[in-house]
Amino acid sequence: MELTRRRLVSLIGLVAVGGVSVVRRAEAAPAEADKPVTPEQIWTELLEGNRRFVAGTLRARALVPTRRELVRSQHPKAIVLGCSDSRVSPTLVFDQSLGDLFVVRTAGNVADRVALGSIEYALEHLHVRLLVVLGHERCGAVMAAASGEPVPTPN
């Protein structure tokens, strides 16, 4: 399946939730024995993680054993299309660990051909069942696009 912008829009609907935009359920992937979780349950878990992030009570994680386990394969629970802004790390914002999120980042969280290809990979090959579009306040790329002025490029 080629994931064009039109197909992506037909698969998902955009919903604003508490300053975070989430794209709800994509086509249901085949159920995996180790992943009986619904997109709604995953979204609830991400919101709980965001509450911990806001409160400053992030979970401690054993990253070395997690890294060793992830060498074999990855099974992220959600795709996050987010901005490249270094101040907005989806893994931290949702208090997740290595391997939990398949993150695609572009300035202004724009879904260009490369981003769409990455999203398509996660949907088709990793069977991820939730796509979150994560925006943030005062995004420079969005403000530049909205102003109609050309975005300055580094020399």
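For clarity, every value in this text was computed on a predicted model and none was experimentally measured.

Rules used in this analysis
- Residues numbered from 1 in each chain as written.
- Predicted model: local features only at pLDDT ≥ 70, side-chain atom pairs only at ≥ 80, totals over all residues.
- Heavy atoms only, no water.
- pLDDT = per-residue confidence, 0-100.
- Contact = heavy atoms within 4.5 Å.
- Phe/Tyr/Trp six-rings, centres within 6.5 Å; stacked < 30°, edge-to-face > 60°.
- Helix = DSSP H or I, 4+ residues; strand = E, 2+ residues; numbered from the N terminus.
- Buried < 20%, exposed > 50% of the residue type's maximum accessible area, 1.4 Å probe, protein only.
- Expected span 1.5 Å × (residues − 1).
- Arc of directions from axis to C-beta.
- Polar contact = N/O pair within 3.5 Å; in protein donor to acceptor, adjacent residues only side chain to side chain.

A. Structural context of the confidence of the model for the protein. Of the residues in the protein, 73% have a pLDDT of 70 or more, and the chain-wide mean is 79. Note that pLDDT drops below 50 for residues 5–33; the model gives that stretch 61 contacts with residues more than four away or on any other chain.

B. View of the packing of aromatic side chains. Using the criterion set out here, one finds 2 aromatic pairs in the structure. A ring pair is formed by Trp-43 and Phe-94, whose centres lie 6.2 Å apart and whose planes are at 65°; its orientation type is edge-to-face. Taken together, the residues span a long stretch of sequence, with Trp-43 in helix α2 (residues 39–55) and Phe-94 in the loop between α4 (90–93) and β4 (101–106) at a distance of 51 residues. Comparing Trp-43 with Phe-94, the two get one shared label, buried. Taking 6.1 Å as the distance between ring centres and 40° as the angle between the ring planes, the aromatic pair formed by Phe-102 and Tyr-121 counts as tilted. Note that Phe-102 is positioned in strand β4 and Tyr-121 in helix α5 (residues 113–124), a separation of 19 residues in sequence. Relative accessible area serves as the criterion here: at 15%, Phe-102 is assigned to the buried category.

C. Inspection of unusual backbone geometry at higher detail. One non-glycine residue with positive phi stands out, namely Asn-109, at about 40°. By secondary structure assignment, the location of Asn-109 is in the loop between β4 and α5. Overall, Asn-109 belongs to the buried group, its relative accessible area being 15%. Despite not being glycine, Arg-138 shows a phi value in the positive range, around 55°. Within the secondary structure layout, Arg-138 lies in the loop between β5 (131–134) and α6 (140–147). Exposure remark for Arg-138: the relative accessible area of 67% places this residue in the exposed category.

D. Inspection of α5 at higher detail. Here α5 spans 16 Å end to end across 12 residues, near enough to the 16 Å set by a 1.5 Å rise per residue. Along α5, the residues that are buried comprise Ala-115, Leu-116, Ile-119, Ala-122 and Leu-123. Seen end-on, α5 carries its buried residues on one side only, within an arc spanning 125°. Relative to its buried face, α5 has exposed residues pointing more than 90 degrees away, namely Arg-113 and Val-114. Regarding α5, its N-cap is Asp-112, as a side-chain oxygen of that residue lies 3.2 Å from the backbone nitrogen of Val-114 further along.

E. Quick peek at the side chain of Asp-95. Mapped onto the secondary structure, Asp-95 falls in the loop between α4 and β4. Look past the residues within four positions of Asp-95 in its chain and what remains in contact with it is Gly-49, Arg-52, Thr-57, Leu-58, Arg-59 and Arg-61.

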